[in-house]
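Listed below are the residues making up each chain.
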Amino acid sequence: MLVSDQGNGKRLQGIHGGERLNGIEEICREFIQNPIMTATPFGDGHINDTFHVVTEDGGSYVCQRIRKAMDIAALEHNYLLYAQAFEEAGWPYPVWLRTRDGKRFFTDQEGDHWRMYPMIEGEVLKLPLSESELFSCGQGLARMHQILQGLSGTPLAVYPMLHDLKHYYDRFRGLFEDGTYYEEQRDAELEEEIHSGIKEMLLLALDKSKMIHGDPKLANILFQEGGVKAFIDLDTVMQGSLLEDLADCIRSCCAKEGRTDQASAQILLQGYWSVAGELISEEEMERLPKVIRKICFELGLRYYMDSIAEKKSFREKYPGYLQEKARGYFAMARDENQRMTI
């Protein structure tokens, strides 16, 4: 997109999905008054459209367009809960700016909701992580888990289906009942993976009474000087399973050559246990390898479902991307040789 900056004669540059997005500067001006230099697409999220905004005075911000289907009242309810907890703990988090009329969201003429917050200084790392980074990652997740258990209320489930494998399996079967799929995209081998593995995965019952991040993948972890500084993308904060949160973090941060690297997972787990061992019992922790497999199976199912569905949640970055991801996750879910000790 190209949007003129009438204030200083400069132009904003950025592209999103091949479509022109007019008025990004005007949206930013609902939150800040400093002249804007650039607004460019940022991050690799599947849900919201995110832009990195830089102002003339060197300010750095995140501006996000929220999907219409999302409940902004629930988002704000949860924000107030975790903001208070993080403030009291001195833990950095995205601090939402208020609009000119005092609201935390701006709604444009098309009914899209926008929010904005200062960029948190930090670095998103790429795999593979060093041993010290893995240990710090475990410590950071544990510290965040400790803080979240102190919320003054219960967060609302913005994504109630998150980690609900039965929900996704029912949706998968519903595609064929409704006819909302592309027959030519189907893959018999991947569908056999789903049908042969679903029963075992659904039998895994977990304690879902704790407060969790919900999506603690590597892309949502900010590092500074080798240590974890903050977790971002907090819209998934919810009541759920600490073990699933830990498993999802290991799945993302310890992947190597298409499988969970046991040495890396062991280091991350030791970092976690050194800070918050009291949050998860040793008996529960023995189930962690199975939970990692379940997380991978769930992602494999979701990616395959999207590859054949008319309506998608994930983006097809290139032809065959979604089924490639599904195939990789199902391979990780089949790995029964995972062993971890505290």
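Note that the structure is predicted; figures quoted are calculated from it, not measured.

A word on the sheet that holds strand β4 (residues 49-55). Sheet architecture is open: five strands sit in the order β3-β4-β5-β7-β6, paired in antiparallel fashion. In this open sheet, the two edge strands, each paired with only one partner strand, are β3 (36-41) and β6 (106-107). For β3 and β4, the ladder comprises five bridges, and the chain directions are antiparallel. Bridged to Ile 36 within β4 is Thr 55.

This part takes up the side chain of Asp 108. Counting through the fold element by element, Asp 108 comes out in the loop between β6 and β7 (113-118). Although Asp 108 is buried, it makes no salt bridge; Arg 65 carries the closest opposite charge, 5.7 Å away. Among the polar contacts made by the side chain of Asp 108, one reaches the main-chain amide nitrogen of Glu 110 at a distance of 2.9 Å. A polar atom in the side chain of Asp 108 sits 2.9 Å from the side chain of Trp 114.

Pro 128 follows Leu 127 through a cis peptide bond whose omega is 0°. Note on placement: Pro 128 falls in the loop between β7 and α3 (131-148). Even without glycine at this site, Asp 233 takes up a positive phi of about 55°. Take Asp 233: it is sitting in the loop between β10 (227-231) and β11 (238-240). If you check the backbone angles, Glu 257 has positive phi at about 55° while not being a glycine. Taking relative accessible area as the criterion, Glu 257 reaches 77% and is therefore assigned exposed.

We now examine empty space enclosed by the protein. This structure, assessed with the given rule, holds one cavity of 30 Å³ or more. The volume enclosed by the largest cavity comes to roughly 60 Å³. Looking at the largest cavity, the residues that line it are Asp 207, Lys 210, Ser 241, Leu 242, Leu 243, Leu 279, Ile 280 and Glu 284. Taken together, the residues of the lining of the largest cavity sort by class into four nonpolar, one polar and three charged.

Turning our attention to the state of the cysteines. Cysteine pairs can be linked by a disulfide, which is a covalent bond between their two sulfur atoms. Throughout the structure, instances matching the rule amount to zero disulfides. With no disulfide partner, Cys 254 has as its closest neighbouring cysteine sulfur the one in Cys 253, 6.1 Å distant. Between Cys 296, a cysteine without a disulfide, and Cys 254, which holds the nearest cysteine sulfur, the sulfur-to-sulfur distance is 11 Å. The class for Cys 296 is buried, based on a relative accessible area of 0%.

Scoring rules and cut-offs
Residues numbered from 1 in each chain as written. Predicted model: local features only at pLDDT ≥ 70, side-chain atom pairs only at ≥ 80, totals over all residues. Heavy atoms only, no water. Pairing = 2+ DSSP bridges. Helix = DSSP H or I, 4+ residues; strand = E, 2+ residues; numbered from the N terminus. Buried < 20%, exposed > 50% of the residue type's maximum accessible area, 1.4 Å probe, protein only. Lys, Arg positive; Asp, Glu negative; His and termini not counted. Salt bridge = Lys/Arg side-chain N within 4 Å of Asp/Glu carboxyl O. Polar contact = N/O pair within 3.5 Å; in protein donor to acceptor, adjacent residues only side chain to side chain. 1 Å grid on protein atoms, 1.4 Å probe; cavity = no way out; pocket = protein on both sides within 12 Å on 5 of 7 lines; lining within 4 Å. Points joined across faces, edges and corners; volume = space filled by probe spheres on them. Nonpolar A, V, L, I, M, F, W, Y, C, P; charged D, E, K, R; others polar. Disulfide = S-S within 2.5 Å.

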